[in-house]
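These are the residues of each chain, in order.
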Amino acid sequence: MRSLVLIGHGSHLNGESAGAVFRYAELLRERGLYDEVIEGYWKEEPALRQVLRTTASTDVTVIPMFISEGYFTETVIPRELGLGHQGPVPPEGVARVLGGRTVRYTLPFGVHPGMTDVILARAREALPDASPEDTALIVLGHGTTRNENSHKVIYSNADRLRESGLFSEVHALFLDEDPRVGTWPDRVRAPRVVVVPFFASEGWHTLETIPEDMGLQGEVTRFPDNPHGPQTVYYARPVGTHPAVADVVLHLAEEARGAAGRDGDVERAHDSAWQALIHLARRGGRMGEVLITPHSGVYELRHALDEGMGGAELHTVVTPEGLRDVTRRDAAGNHRPVHTYRTLPRGWRAVLSETELRRGVHFLYPAVVEESYAHGCHSLRHTPWATTARRQTGIYTRVQRATQEQVERVARTVCTPCLRTRLWAGEKLPRTFLEGVPGAFPCAEACTYFVAEVRETLISKRPAAGQ
Ligand code: SF4
């Protein structure tokens, strides 16, 4: 048995931020090469601290879904996963045995040499008859003076594409460092120019900053009076959203497994946790705000407040992904980065098989089954606030200065709408939903949303609830 974990950044504010990682996970699931493909996030759930616990096998390969190496891939992700590694990741990745699982952590997909083909595929979409006689290629990166590694990948791709001889010129240009993208008319001579943004997703930079800096007005822009004569620019979509990235991810994962030999086994604690959930589901019962009802071989999930409503009155979904999509926002359409907030929307029902139930519940309440079961077995370790705060780096270092009183004030605002009980703050949870208390979920460690709110409070000195 083998598990593949894709790690994305996610967002506390923007529900679309995790979309690209969702889509790659779905593409990779369809390929069927791994027994499971799950996602983990820095700012959504399952969080990086929880995600390994949610894997079903003892053989886990973790791929950072980032376009280049940097702070997240070298500092935040290894630290939060507990890999005991900081700094540049070697080409062969980092392998550790953690809690009985063999975990292999790789370089981000963006630095894999296979991305050269993805750049080429994007260039051909924008200009199918690109030719070495009259077409220049610009590989466009973000660049930053803070991290040398972020431009290395742009230069190495540009070198490989230059060697291919498919273009008359190949240039590496950047938004935030020299050579800057705005200087392209002086550098590029060919009459036709394809621009491929080496970015992870469509966003502010690809939709606004790059077109503005280059003077583009859409997918094709003509420049009749450039220094080297008339030129036409063909603007491609970013590489990070191309379906071929799924192939790059699989190559990366297989290279990391290398000569691993046999697959892993079923992870026993994980399996026991889900057996406990299936036991509850077969009887029918509540989990948080959700009612689970067995119906001749399938299970129906709905908001507990919709109990008794006819099926025709509710929007029916029949896949775990469908359940994920109807519950990602609250009734007002707001993003729910903390899934255990009592803001589950009403008006839907999910009909799932027993196999799908596991993935559906994982999307609905990530890591809750595993953590609740572990809590019942007294094996869920709690991380006190002081330890969580000490671990923070970068802009979050500041939270180490928060007083106990400030932390408690934030908790009154942030944690009150949450179903979880703050074990990390010394609160007691005698029984969980698995032992018959529907709304009882453990919280072993302050979530990243909480950490971000403590930081906001310190910066703005804004009053929290109760002031
Ligand atoms: Fe919920 Fe608070 Fe725990 Fe975050 S820290 S998961 S808001 S109880």
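Residues numbered from 1 in each chain as written. Predicted model: local features only at pLDDT ≥ 70, side-chain atom pairs only at ≥ 80, totals over all residues. Heavy atoms only, no water.

A. Local environment of the sheet that holds strand β13 (residues 298-303). Taken together, 5 strands build an open sheet; the order of strands is β11-β12-β13-β15-β14 and the sheet is mixed. In this open sheet, the two edge strands, each paired with only one partner strand, are β11 (285-287) and β14 (315-317). Sheet twist, expressed as the mean angle between neighbouring strand axes with direction ignored, is 25°. Across 3 bridges, β11 lies against strand β12 (residues 290-295) in antiparallel orientation. Looking at the pairing, arginine 286 lines up with leucine 291 of β12. (Pairing = 2+ DSSP bridges. Helix = DSSP H or I, 4+ residues; strand = E, 2+ residues; numbered from the N terminus. Axes fitted to C-alpha atoms, helices over the stretch in contact; angles between N-to-C directions.)

B. Quick peek at the site of the ligand. In the vicinity of the ligand, the residues found are Tyr341, Val414, Cys415, Cys418, Arg420, Arg422, Trp424, Cys443, Ala446, Cys447 and Phe450. The residue inventory of the shell around the ligand, partitioned by class, reads 9 nonpolar, no polar and 2 charged. (Near = heavy atom within 4 Å. Nonpolar A, V, L, I, M, F, W, Y, C, P; charged D, E, K, R; others polar.)

C. Just the sheet that holds strand β3 (residues 59-64), in detail. As summarised here, the arrangement of the 5 strands in space is β2-β1-β3-β5-β4, forming an open sheet in which the pairing is mixed. Only two strands of the sheet have a single partner each, and these edge strands are β2 (36-41) and β4 (94-98). On average, adjacent strands in this sheet sit at an angle of 25° to one another, irrespective of strand direction. Strand direction decides the pairing type here: strand β1 (residues 3-8) and β3, joined by 5 bridges, are parallel. Bridged to leucine 4 within β3 is threonine 61. The sheet strands contacting helix α3 (residues 71-81) are β1, β3, β4 and β5 (101-105), and the helix crosses β5 at an angle near 170°. Here helix α8 (residues 245-257) sits on the sheet and contacts β1, β3 and β5; the angle it forms with β3, its principal contact strand, is near 135°. (Contact = heavy atoms within 4.5 Å.)

D. How the structure looks around the environment of alanine 158. By the secondary structure assignment, alanine 158 is in helix α5 (residues 149-164). Taking C-alpha positions, alanine 158 is 9.6 Å from isoleucine 119, a pair spaced 39 residues apart along the chain. When near neighbours in sequence (up to four residues on either side) are disregarded, alanine 158 contacts Val139, Val170 and Ala172.

E. Main features of the packing of aromatic side chains. For the structure on display, the rule yields 13 aromatic pairs. Judged by centre distance (6.4 Å) and plane angle (80°), the ring pair of phenylalanine 22 and tyrosine 41 falls under edge-to-face. You can see phenylalanine 22 sitting in helix α1 (residues 19-31) and its partner tyrosine 41 sitting in strand β2, a full 19 residues away along the chain. Both residues of the pair, phenylalanine 22 and tyrosine 41, belong to the buried class. Ring centres of phenylalanine 433 and phenylalanine 441 lie 5.5 Å apart, and the angle between their planes is 80°; on these two criteria the pair is classed as edge-to-face. Taken individually, phenylalanine 433 and phenylalanine 441 each receive the classification buried, so the pair is uniform in this respect. Three or more aromatic residues joined by ring pairs make a cluster, and in this case those are Trp42, Phe66, Tyr71, Phe72 and Tyr396. Positioned above the aromatic ring of phenylalanine 22 is the side chain of arginine 324, whose terminal nitrogen or guanidinium carbon lies 3.9 Å from the ring centre. (Phe/Tyr/Trp six-rings, centres within 6.5 Å; stacked < 30°, edge-to-face > 60°. Buried < 20%, exposed > 50% of the residue type's maximum accessible area, 1.4 Å probe, protein only. Lys NZ or Arg CZ within 6 Å of the ring centre and 35° of its normal.)

F. View of the nonpolar core. With 44 residues, the main nonpolar core has Leu4, Leu6, Met65, Phe109, Leu137, Phe198 and Val249 as its most contacted residues. No fewer than three residues from each of domain 1 (3-111 + 244-266) and domain 2 (115-241) sit in this core. Setting aside chain neighbours within four positions, we find methionine 65 in contact with Leu6, Ile7, Val21, Tyr24, Phe109, Val245 and Val249. Counting residues in each nonpolar core, the second largest holds 40 residues, with Trp42, Val89, Tyr105 and Tyr341 among its members. (Core = buried A, V, L, I, M, F, W, Y, C linked by side-chain atoms within 4.5 Å. Domains from an automatic or database assignment.)

G. Representation of the pattern of salt bridges. On inspection of all chains with the given rule, the structure shows 31 salt bridges. Salt-bridge contacts for arginine 2 lead to glutamate 254; the nearest nitrogen and oxygen are separated by 3.3 Å. Taken as a pair, arginine 2 in the segment before β1 and glutamate 254 in helix α8 lie far apart in primary sequence, 252 residues in all. Among the residues examined, arginine 2 registers a relative accessible area of 11% and is labelled buried. For glutamate 254, a relative accessible area of 37% puts it in the partly exposed group. Between glutamate 125 and arginine 122 there is a salt bridge, with its nearest N and O atoms 2.7 Å apart. Of the two residues, glutamate 125 and arginine 122 both sit in helix α4 (residues 115-126), 3 residues apart, roughly one turn of that helix. Taking relative accessible area as the criterion, arginine 122 reaches 2% and is therefore assigned buried. Each of Arg49, Arg79, Glu80, Arg391 and Glu445 takes part in one network of salt bridges that share partners. (Salt bridge = Lys/Arg side-chain N within 4 Å of Asp/Glu carboxyl O.)

That is the geometry; function is a separate question.
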